[in-house]
Amino acid sequence: PLEIIHSMSAGDVLQPYFLPTFFISRFLYSDEVQIGPETVMTTLYTAKKYAVPALEAHCVEFLKKNLRADNAFMLLTQARLFDEPQLASLCLENIDKNTSDAINAEGFTDIDLGPAQSGILTDREVVSLFLHFTVNPKPRVEFIDRPRCCLRGKECSISRFQQVESRWGYSGTSDRIRFSVNKRIFIVGFGLYGSIHGPTDYQVNIQIIHTDSNTILGQNDTGFSCDGSSNTFRVMFKEPVEILPTVSYTACATLKGPDSHYGTKGLRKVIHESPTTGTKTCFTFCYAAGNNNGTSVEDGQIPEIIFYT
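Residues numbered from 1 in each chain as written. Predicted model: local features only at pLDDT ≥ 70, side-chain atom pairs only at ≥ 80, totals over all residues. Heavy atoms only, no water.

A. Geometry of the pattern of salt bridges. The final tally for this structure, using the stated rule, is 9 salt bridges. For the salt bridge of D70 with R68, the shortest nitrogen-to-oxygen distance reads 3.0 Å. Residue R68 is classed as partly exposed on the basis of its relative accessible area, which comes to 43%. (Salt bridge = Lys/Arg side-chain N within 4 Å of Asp/Glu carboxyl O. Buried < 20%, exposed > 50% of the residue type's maximum accessible area, 1.4 Å probe, protein only.)

B. Quick look at the packing of aromatic side chains. By the definition in use, this model includes 9 aromatic pairs. Both rings, one in Y202 and one in F224, keep their centres 5.1 Å apart while their planes meet at 10°; by these two values the pair is stacked. You can see Y202 sitting in strand 5 (residues 200–210) and its partner F224 sitting in strand 6 (residues 215–226), a full 22 residues away along the chain. For the pair formed by Y202 and F224, the shared burial category is buried. By way of ring pairs, the aromatic residues F179, Y249, F283, F285 and F307 are connected into one cluster. (Phe/Tyr/Trp six-rings, centres within 6.5 Å; stacked < 30°, edge-to-face > 60°. Helix = DSSP H or I, 4+ residues; strand = E, 2+ residues; numbered from the N terminus.)

C. Spatial organisation of the packing of helix 3 (residues 40–49) against helix 4 (residues 53–65). Where helix 3 contacts helix 4, the two axes come as close as 8 Å, and the packing angle between them is 150°. In terms of orientation, helix 3 lies roughly antiparallel with respect to helix 4. Read as a crossing pair, helix 3 and helix 4 show a hand that is left-handed. Residues V40, M41, T43, L44, A47 and K48 of helix 3 form the contact with helix 4, whose participating residues are L55, E56, C59, V60, F62 and L63. Tallied by class, the residues present in the contact of helix 3 with helix 4 amount to 9 nonpolar, 1 polar and 2 charged. (Axes fitted to C-alpha atoms, helices over the stretch in contact; angles between N-to-C directions. Parallel < 35°, antiparallel > 145°, perpendicular 65-115°, else oblique. Left-handed = near helix turned anticlockwise from the far one by under 90°. Contact = heavy atoms within 4.5 Å. Nonpolar A, V, L, I, M, F, W, Y, C, P; charged D, E, K, R; others polar.)

D. Fine view of the sheet that holds strand 6. Here we have 6 strands laid out as an open sheet, ordered 6-5-8-3-11-10, and antiparallel in their pairing. At either end of the open sheet lies a strand with only one pairing partner, and these are strand 6 and strand 10 (269–273). Strand after strand, the sheet turns through a mean of 25° between neighbouring axes, direction not considered. As paired elements, strand 5 and strand 6 share 11 bridges and run antiparallel to each other. Pairing of Y202 across the sheet is with F224, part of strand 6. (Pairing = 2+ DSSP bridges.)

E. Examining a nonpolar patch on the surface more closely. A cluster of nonpolar side chains, contributed by V127, F130 and L131, occupies part of the molecular surface with about 280 Å² of accessible area. Considering the arrangement of structural elements, one finds F130 in helix 8 (residues 123–134). (Patch = residues over 30% accessible without salt bridge, like charges linked within 9 Å, V, L, I, M, F, W, Y side chains within 5 Å. Areas by Shrake-Rupley, 256 points an atom, 1.4 Å probe, with all protein chains shown as cover.)

F. Layout of the nonpolar core. Residues I187, F190 and L192 are the most contacted members of the largest nonpolar core, which totals 34 residues. Per-element tally for this core: the top contributor is strand 7 (residues 232–243), with 5 residues. Residue contacts for I187: discarding those within four places in its chain leaves F179, I208, F237, E239, P240, V241, I243, I305, I306 and F307. Core analysis: the next-biggest nonpolar cluster, separate from the first, contains 18 residues, M41, V60, L63 and A79 among them. (Core = buried A, V, L, I, M, F, W, Y, C linked by side-chain atoms within 4.5 Å.)

G. Broad picture of helix 6 (residues 85–97). Between its first and last C-alpha atoms helix 6 spans 18 Å; for 13 residues at 1.5 Å apiece the expected length is 18 Å, and the two agree. Among the residues making up helix 6, those that are buried are L87, A88, C91, N94 and I95. Buried residues along helix 6 cover an arc of 120° about the axis, so they all sit on one side. Set apart from the buried face of helix 6 by more than 90 degrees, the exposed residues are P85 and Q86. Looking at the packing, one finds that the buried side of helix 6 touches helix 4, helix 5 (72–81) and helix 7 (99–103). (Expected span 1.5 Å × (residues − 1). Arc of directions from axis to C-beta.)

Following this line, the structure appears as structure tokens:
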């Protein structure tokens, strides 16, 4: 390859199969690095093959900088192929935080077959997971089905209603409730009521808004499955939302689906006390005026707030 490169004139076009060795030769002679999306993987392969760790590090750094939800699964496959545990860890972290976007990415179906054919899962476990993600009501699985959170400490939740009733309708208007807290917390999701008509899937947009500025601090377009019971069902934000003390916020949920259960005998103040430290987190609720589907302090949706302190 070196002889070919030295014999080339300025106007010659380098064929693709010479590109990786060309980049390595240029790097070894001049420390000059030119890496692009089309060449990074072949250059990384060649850098590893010919033991050029400095160029290998440049390739990995390029991949890290260009890591996004829509290519995280593809890069995870490549990171494992090339034995790059740090890059693989970053890919998994990105997938954990942006699971929905990563799964919906155009290239998701092109990744390798993974655990289903790796022997990590038994045939029975593969079938149970398939049913869990495709049917409703969902069968029990042997794995934790709660989304992981990057925050430390124990997850907490408060419930603001004392009783559950039937038939709360939806027409595209958001259910809203204003609230404030007495200390800094991080909200990770809401508990919402589900259908009165048996197992159903809902589409939902959840938001937390800074009331005074009307700024959306966190939101997620997602969905949830319910089993027809009067239980609440978890709907999570993509990232934890920081909530500061004595500041007014508005919790919003816009549901698309059939009539649901709803809460009554609501509490204006709800106090959560830590069982380990005794620390008290006080939520104060009030009516959110304006375009509201009817939720208030006394009754409605958004019965639970899930948070970390």
